[in-house]
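Remarks on the overall topology
So you can see what is in the structure, the chains are spelled out below.
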Amino acid sequence: MRMMDVIDESTGKVVGSVPHYDGKEIADMVDTAFEVQPKWERVPLFERGQILYKFCDLVDQHREEIALAMSNDMGKPIMQSRAETTYAAEIGRANIEVGKHMYGEVLQDSSEGYENHVVLVRHEALGVIAGVIPFNYPVELTIQKMVPALLMGNTMIIKAATTAPCSVKMLIDLAHEAGVPKDCLHFITASREDCTKYLLQNPKIACIAMTGSTDGGTEMMHDAAPTVKKVVLELGGNDPLIITEEVADDPEQMVKAIECLGWGRIIENNGQVCASPKRTIVHERAKDAFVQCLLKFLEGLKRGHATDPEAELTRLVSTKAAERVEAQIQHTVDQGARIIYGGKRDGCIMDVTVLDNVTKDMDVAKDMEIFGPVVPIITFKTDEEAVAIANQSKYGLSASVITKDLKKSWYYTENIESSAVWVNGSSALRHNDQPFGGCKGTGIGNEGAGYSCAEFTRLKTYGFCDVSPKENLFKHEDGMKDFLAFDRYTSEVKKLANELIKK
């Protein structure tokens, strides 16, 4: 093992260091986690829950240190880092509450011939889970995966992003302090090659739980295929925000539209959000007023370093990430769009950028996900056209619609292809108990209190059978003939058994 320095790219300063493992070390961790998993699963559920409740309490107690590490790591404004840490602890508790009451089933006598049998269905652990954590919500998404996986009796290897590892390492250390055995929960950063070969393709890994890009998810599925691992993938998004015609005549709704976009797309994590409203689809009658209000809103935002409690805009996770956003902006301009605000980059700092004249046939209006504070404005004439634009993307994570019209709100919520549609709220919203996932290219499986617990288990049937089934099995004529033919042989076995027992 060697240590890896973590750099704040806005200052060039070293802000922490974490272990960086090679392939053999990763393989050894997986072997250990695989060996101890049955023992951890035999720890009573309520005891595992008590340990994890203590962990969540420790997260609250160390909120400031965790948040500061996150902001220095990847540039999130400190106020958002604090909020994420508190929210993440609540997510952990919610999963424990639901997981402790996720009962099995006793099947009824609803299947002919099983009247005198007892058939149970239970949730059992999958085994060793590989959790792949992205840079943008390192604390929340670690806890979203770690707590339910451990609660349900799995062991886990957490692979942190090299651009945001320090806060994740703190969480693992706190879990160990709370009582999770070190052999059951491991932290790694590693090269992509070593992680793929020794973790993701390792036959002792039962499940890959990953949040990241759709391209990354495709690679995970490829890695999982040879050993038929389960995959739980929360992937990319290009969420639509639809601003309907009546917003043109309603100042309150116009403010609501600016709030949903301003928070969910621009301020929240500098636009680095999978469920961010990335495509602003505005009715042509509301467009001019909306643009003027948006530009007025942007004038008041304050930039600063991620540790500045007054900063609303900070930086992107890396210069490489900002360069990618800059290139996507230029690509959209080359296709005919016009920059009406921002567009400049300074290292890892990317201006909020507003793009006008964006048409529905441009890449940004379909499948080009921009992970930064960029607002492409697309106009529409009819509700049907707005839905068509929303649905033309390969993604289907979340969506939002601004309207007071109840009939119209139902039309949009029913017809937009996504896992969630928020009316008069941002698509970046996420309820603790919501099945958060997506359709189409956005992923497989769901996260959320209870849903994550179910994803990290398999269903197993326990059947306690009647030893004398003649009276209730094979009641149909053909089935009885088959049974009577079989019974000629079993009667001989029974006769021999009686003779042997008597001896």
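Residues numbered from 1 in each chain as written. Predicted model: local features only at pLDDT ≥ 70, side-chain atom pairs only at ≥ 80, totals over all residues. Heavy atoms only, no water.

**Some thoughts on the UniProt feature "domain: Aldehyde dehydrogenase" (unreviewed entry) in the chain**
With numbering aligned to this structure, UniProt lists the feature "domain: Aldehyde dehydrogenase" (unreviewed entry) at residues 4–461. End-to-end, the C-alpha atoms of residues 4–461 are 46 Å apart, and along that stretch the chain is 41% helix and 21% strand. (UniProt positions renumbered as here; feature names shortened; annotations may be inferred. Helix = DSSP H or I, 4+ residues; strand = E, 2+ residues; numbered from the N terminus.)

**Describing the nonpolar core**
Counting residues in hydrophobic clusters, the biggest one holds 55 residues, and the most contacted among them are Phe55, Val59, Ile143, Met146, Ile158, Val180 and Leu185. Among the elements that take part in this core, helix H5 (residues 138–151) stands out by supplying 8 residues, more than any other. Beyond its immediate chain neighbours, meaning those up to four positions away, phenylalanine 55 contacts Ile143, Met146, Val147, Leu171, Leu174, Ala175 and Ala178. With 27 residues, the next largest nonpolar core counts Ile242, Ile281, Ile329 and Val421 among its residues. (Core = buried A, V, L, I, M, F, W, Y, C linked by side-chain atoms within 4.5 Å. Buried < 20%, exposed > 50% of the residue type's maximum accessible area, 1.4 Å probe, protein only. Contact = heavy atoms within 4.5 Å.)

**Topic: empty space enclosed by the protein**
Using the criterion set out here, one finds 2 cavities of 30 Å³ or more in the structure. Computed from the structure, the largest cavity encloses a volume of approximately 50 Å³. Lining the largest cavity are 13 residues, with Pro240, Ala390, Tyr395, Gly396 and Glu417 positioned closest to its centre. Within the residue set of the lining of the largest cavity, elements represented by two or more residues are strand E10 (239–243) and helix H12 (383–391). (1 Å grid on protein atoms, 1.4 Å probe; cavity = no way out; pocket = protein on both sides within 12 Å on 5 of 7 lines; lining within 4 Å. Points joined across faces, edges and corners; volume = space filled by probe spheres on them.)

**Overview of the sheet that holds strand E4 (residues 118–125)**
Here we have 3 strands laid out as an open sheet, ordered E3-E4-E20, and antiparallel in their pairing. Only two strands of the sheet have a single partner each, and these edge strands are strand E3 (105–106) and strand E20 (457–464). The pairing of E3 with E4 spans 2 bridges and is antiparallel. Bridged to glutamate 105 within E4 is valine 121. (Pairing = 2+ DSSP bridges.)

**What about the layout of surface pockets?**
Considering only enclosed or pocket space, the largest pocket measures out at about 1,500 Å³ in volume. Here the element with the most residues in the lining of the largest pocket is helix H8 (residues 214–224); it accounts for 6 residues. When grouped by side-chain class, the residues that make up the lining of the largest pocket number 18 nonpolar, 14 polar and 10 charged. Volume-wise, the second largest pocket comes out at about 390 Å³. Together, 21 residues line the second largest pocket, and Tyr87, Tyr137, Glu140, Glu268 and Ala428 are the ones closest to its centre. Secondary structure elements with two or more residues in the lining of the second largest pocket: helix H4 (78–99) and H5. The residue inventory of the lining of the second largest pocket, partitioned by class, reads 11 nonpolar, 4 polar and 6 charged. (Nonpolar A, V, L, I, M, F, W, Y, C, P; charged D, E, K, R; others polar.)

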